[in-house]
Amino acid sequence: MNKMNTNNKVIGKLSGVLLFYLFALLPLSKAQVPLLQNVQAYEGMSLNGDWHYIVDVQEEGYYDYRMKPTRWGFFRNAKPQHPEDLIEYDFDQSPTMQIPSDWNTQDERLFFYEGTVWFMRRFQAVPMQDYRTLLYFGAVNYDCHVWVNGKKAGHHVGGFTPFNFDISDLLVDGENVIIVKVDNKRHAEDVPTQIFDWWNYGGITRDVRLVKVTPVYLEDYDLHVVGGSAADAKGKTCTLAFSARLNKAEAGHKVVVSIPELKLEQPFTTGADGTVSGTLKVSRKKLVLWSPEHPKLYDVRLSLDTSTYADEIGFRTIETRDKQILLNGQPIFLKGISIHNEKPNGGGRANSAADARTLLSWAKELGCNFVRLAHYPHHEEMVREAEKMGILVWSEIPVYWTIDWANPATYENARCQLRDMIARDHNRANVIIWSIANETPHSTERDTFLGNLAQYARSLDNTRLISMAMEVTGASNYVNRLNDNMNKYVDVVSFNQYVGWYRDVNDAPKMRWEIPYNKPVIISEFGGGAKYGYHGAKNQRWTEEFQENLYIQNLAMLDKIDGLAGTTPWILKDFRSPRRVLPGIQDYYNRKGLFSDKGEKKKAFYVLKQWYEVK
Ligand code: GCU
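Parameters at a glance
Chains are numbered independently. Their residues run from 1 in the order of the written sequence. Local features in this predicted model are restricted to residues of pLDDT 70 or higher, and side-chain atom pairs are both shown and tallied only at a pLDDT of 80 or more, whereas totals for entire chains, interfaces and linings draw on every residue. Side-chain metrics in this entry use all non-hydrogen atoms of the structure; hydrogen atoms and water are not considered. Strands here mean DSSP runs of E at least two residues long; helices mean DSSP runs of H or I at least four residues long; both are numbered from the N terminus. Multiplying one less than the number of residues by 1.5 Å gives the expected span of a helix. Type-normalised accessible area, obtained with a 1.4 Å probe on protein chains alone, sets the label of each residue: buried when under 20%, exposed when over 50%, and partly exposed for intermediate values. Whenever two N or O atoms come within 3.5 Å, that pair is a polar contact, provided that in protein one can donate a hydrogen and the other can accept it, and provided that, for residues adjacent in sequence, both atoms are side-chain atoms. Fitted lines through C-alpha atoms give the axes, limited to the stretch in contact for helices. The angle between two N-to-C directions lies from 0 to 180 degrees. When checking whether two residues touch, look at their non-hydrogen atoms; a contact exists if any pair is within 4.5 Å. A score between 0 and 100, pLDDT records how confident the predictor is in each residue. Any residue with at least one heavy atom within 4 Å of a molecule or strand is counted as near it. Values of accessible area rely on a 1.4 Å probe in the Shrake-Rupley scheme; residue burial ignores everything except the protein chains shown. For this analysis, a salt bridge means a side-chain nitrogen from Lys or Arg found within 4 Å of a carboxyl oxygen belonging to Asp or Glu.

Here we look at helix α5 (residues 408–425)
- Here α5 spans 26 Å end to end across 18 residues, near enough to the 26 Å set by a 1.5 Å rise per residue.
- Burial within α5 is extensive, with 13 of its 18 residues counted as buried.

What follows is the structure, encoded as structure tokens:
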């Protein structure tokens, strides 16, 4: 087939090849910049709303018929200039969908769709002398290319973390066009890899914003209380540690931190590397520490030269001592539940504070003080609403099941997702655990991969606990053992177990656990499925009575586990999964929720609620 690329006048095949190499050789455009801390604090313009979209199954808009990236792609947003011109796409004539959202629940033709969809919207902008403009995405699943006015702004991989590009030099005065190519196809080398037990919602799933920053801005800052029980108990004062980094390595910039309510104000001056760090002292009596009972947040003002930014920050300490987890120096039991980032009713990615409040209020109804946000960083509003509601958070990157451990690109991908998860939420007092993986098979490559990730996480943030969801390593004669090399890298030993569902139905009472580590234990998953409203004998699978009985038995079993410091049963609500196909029962839902997909409480809900009342 001698197909000429018909979307525009074409150049010879040779030039196509040349361009590909050029394209491939071109580094990621300089527009990609490190993640901006606390983007909400900046002036800007939301680009949420209606975006045109084109479903491009064979990536006609990106590759030529030799599967070489074409420079005549859809990113040009070309229009016929002459009557004989042949342009075979038109964004303006194409349908629109609300952004942020996933395409699966916005267009029923795309319910199962995995592939490329192009998005386009126009916006008015005025290039500004004294400011830079960042283009910020809360998250795009999975592989995303961005153009502004036909020029490449950047590329990002990973479906659950934010990223931003400096597009100042791409803007024109007046109408601008942004085009985004999103591809959510799965590959073995990706993170997550090819198979996972949740819906592969595709699209621009979180907020899009234009952000106005001064040429020199506060790229990142951190403010937290230092020390743990030891330091606190004795001292009359508490120490707050502050550090910040500018987007430029420039000395002499004045950074001032102030907490009006504590009558605290402290100036700092950047060094040659554009960073500052130091401490602020506050009397112990005055400082109210953040806790589930008192989710105290302080208004914090940060100024850089003449610009001022506001944030809300809470102060607390988190640590372990032997098998205990200590919050503000006191042992705490983490009464948790696992949650997927899915809308409370029906399906689709949760993408607002309202979605978060609904899901978290269900967790509160259960009696929870803790949530495991599985298996990837959730929407920022989920973390911030939990912080306001006094709910502690376990946050995780999607290193899930069998990742391509020996592949350096896969490691780099996972490392970047870990970096950005921490970069976004490191000032949130309620986030206490960074989780680097879930249910990963033992091997030397895996241990190296995860060991490096754990150390990297600690190098970025040594004020929080590191963990991962391990698996039971061996079980015989009702003795369950945990034996995982990763125990030396984690602060909390967490594992998933499915006694009563995937194995040993009705044997939970007989079970004994051997966990040979002097560290706190979290059961990061247990549970079983039930179809809401389906009732019957307690040994009848899928009935609410079966799930209820499983919870009764499992919780009694958990009560006997030495060093148990918390649990996050699987899961708050039924969620969409392509792996769950049982007709009339699952219908593409994992039914292990304590709430149905419509928010109806199942019998097991009350079993866990009661257990948490006495915990
Ligand atoms: C696993 C896994 C979850 C999954 C659950 C299940 O443990 O971590 O992602 O949904 O089991 O089987 O329901």
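Focus on the side chain of Thr-543
- The topology assignment puts Thr-543 in the loop between β31 (521–525) and α7 (544–558).
- Within the structure, the side chain of Thr-543 is placed 2.6 Å from the backbone oxygen of Gln-540, a separation counted as a polar contact.

Describing the packing of helix α3 (residues 353–366) against helix α8 (residues 603–614)
- One can describe the packing of α3 onto α8 by two numbers: an axis separation of 8 Å at closest approach and a directional angle of 65 degrees. Residues Trp-362, Glu-365 and Leu-366 of α3 lie in contact with α8, whose contacting residues are Phe-605, Leu-608, Lys-609 and Tyr-612.

Considering the confidence of the model for the chain
- Of the residues in the chain, 94% reach a pLDDT of 70 or more, and the chain-wide mean stands at 94.
- Within the model, the stretch residues 1–27 combines pLDDT values under 50 with 38 contacts to residues more than four positions away or in other chains.

Let's talk about the site of the ligand
- The full set close to the ligand counts 14 residues, and Asp-197, Tyr-400, Glu-439, Tyr-502 and Glu-525 are the nearest of them.
- With respect to the ligand, the side chain of Glu-525 contributes an N or O atom lying 2.6 Å from an oxygen atom.
- Arg-580 places a side-chain nitrogen or oxygen 3.1 Å from an oxygen atom of the ligand.
- Considered on its own, the ligand offers 310 Å² of accessible surface; in the complex 97% of this is hidden by protein.

Quick look at the pattern of salt bridges
- Evaluated as defined, the whole model comprises 44 salt bridges.
- With its nearest N and O atoms 2.7 Å apart, the salt bridge here joins Glu-365 to Lys-601. Of the two residues, Glu-365 is situated in helix α3 and Lys-601 in the loop between β34 (589–590) and α8; the sequence distance between them amounts to 236 residues.
- Residue Glu-365 is classed as partly exposed on the basis of its relative accessible area of 33%.
- Under the relative-accessibility criterion, Lys-601 is labelled partly exposed at 26%.
- A salt bridge links Glu-525 to Arg-372, with the shortest nitrogen-to-oxygen separation between them at 2.9 Å.

Points about the environment of Gln-194
- Structurally, Gln-194 can be placed in the loop between β10 (174–183) and β11 (208–213).
- According to the relative accessible area criterion, Gln-194 is partly exposed, its value standing at 39%.
- Along the chain, Gln-194 and Ile-403 lie 209 residues apart, while their C-alpha atoms are 8.7 Å from each other.
- Once residues within four sequence positions are removed from consideration, Gln-194 is found in contact with Arg-186, His-187 and Ala-188.

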